[in-house]
Amino acid sequence: MMALTNEEIRKVITPLLLSGAKMLDKHCPKCGAPMFEKDGRVFCPLCEYREQKKRQEMKGIEDILMKKIRYLVNNLPEDLEELERYLDIIEKLIRILEHYKKLEG
Ligand SMILES: [Zn+2]
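On a predicted model such as this, the values are computed, not experimentally measured, just so you know. (Residues numbered from 1 in each chain as written. Predicted model: local features only at pLDDT ≥ 70, side-chain atom pairs only at ≥ 80, totals over all residues. Heavy atoms only, no water.)

1. Examining the overall build of the protein chain
- A tally of regular secondary structure across the protein chain gives three helices and three strands.
- Starting at the N terminus and walking to the C terminus, you meet the elements of the protein chain as α-β-β-β-α-α.
- Taking 2.2 N^0.38 as the reference for a compact globule, 105 residues should give roughly 13 Å; the C-alpha atoms of the protein chain span a radius of gyration of 21 Å, well beyond that estimate.
- Reported as C-alpha extents along the three principal axes, the dimensions of the protein chain are approximately 65 × 25 × 25 Å.
- When the 105 residues of the protein chain are sorted by exposure, 28% land in the buried category.
- Sequence separation of at least 24 residues holds for 39% of the intrachain contacts in the protein chain that already meet a minimum separation of 6. (Helix = DSSP H or I, 4+ residues; strand = E, 2+ residues; numbered from the N terminus. Rg over C-alpha atoms; globule rule 2.2 N^0.38 Å. Buried < 20%, exposed > 50% of the residue type's maximum accessible area, 1.4 Å probe, protein only. Contact = heavy atoms within 4.5 Å.)

Structure below.
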């Protein structure tokens, strides 16, 4: 069973309990945390929280990459050799961006 961090208890479990969600006698098969039920929905709050956190991190990385790509595209040099170098870098950045988008699902 994966241990819950203090942060997770504070940010996930406590607010859930306060919101009237019911802690079930079942454990998440994925992470071992107690499952909850609220409004007829049974879920693992920890997996949802971690998933959401991961998505936010991914989004942050995507934003940085997008900003960089946009900057390069807006500042393409006149010199052809330089231009080729820029396009090369842009292509690589786009590939990395697509990689992250895929991970995000
Ligand atoms: Zn879980």
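What follows picks up the thread again.
2. A short note on helix H2 (residues 45–74)
- The terminal C-alpha atoms of H2, which comprises 30 residues, lie 43 Å apart, in line with the 44 Å expected from a rise of 1.5 Å per residue.
- Taken together, the buried positions of H2 are Pro-45, Leu-46, Cys-47, Tyr-49, Met-58, Glu-62, Leu-65, Ile-69 and Leu-72. (Expected span 1.5 Å × (residues − 1).)

3. With respect to the sheet that holds strand S1 (residues 22–27)
- Spatially, the three strands line up as an open sheet ordered S1-S2-S3, and their pairing is antiparallel. In this open sheet, the two edge strands, each paired with only one partner strand, are S1 and strand S3 (41–43). When strand polarity is set aside, the average angle formed by the axes of neighbouring strands in this sheet is 30 degrees. (Pairing = 2+ DSSP bridges. Axes fitted to C-alpha atoms, helices over the stretch in contact; angles between N-to-C directions.)

4. A short note on the coordination of the zinc ion
- Coordination of the zinc ion by the protein comes from Cys-28 (SG), Cys-31 (SG), Cys-44 (SG) and Cys-47 (SG), over a distance range of 2.2 to 2.4 Å.
- Each of the four donor atoms around the zinc ion contributes to a set of angles spanning 102 to 113 degrees, which defines the coordination as tetrahedral.
- Written as a sequence motif, the donor arrangement for the zinc ion is C-x2-C-x12-C-x2-C. Here Cys-31, found in the loop between S1 and strand S2 (34–38), pairs with Cys-47, found in helix H2; they are 16 residues apart in sequence, far enough to count as distant. The pair Cys-31 / Cys-47 is uniform in exposure class, with both members buried. (Donors = N, O, S within 2.8 Å, 3.2 Å for Na, K, Ca; no water. Tetrahedral: all angles 85-135°; square planar, octahedral: opposite > 155°, others 65-115°.)

Treat this as a map of the structure, not an account of what it does.
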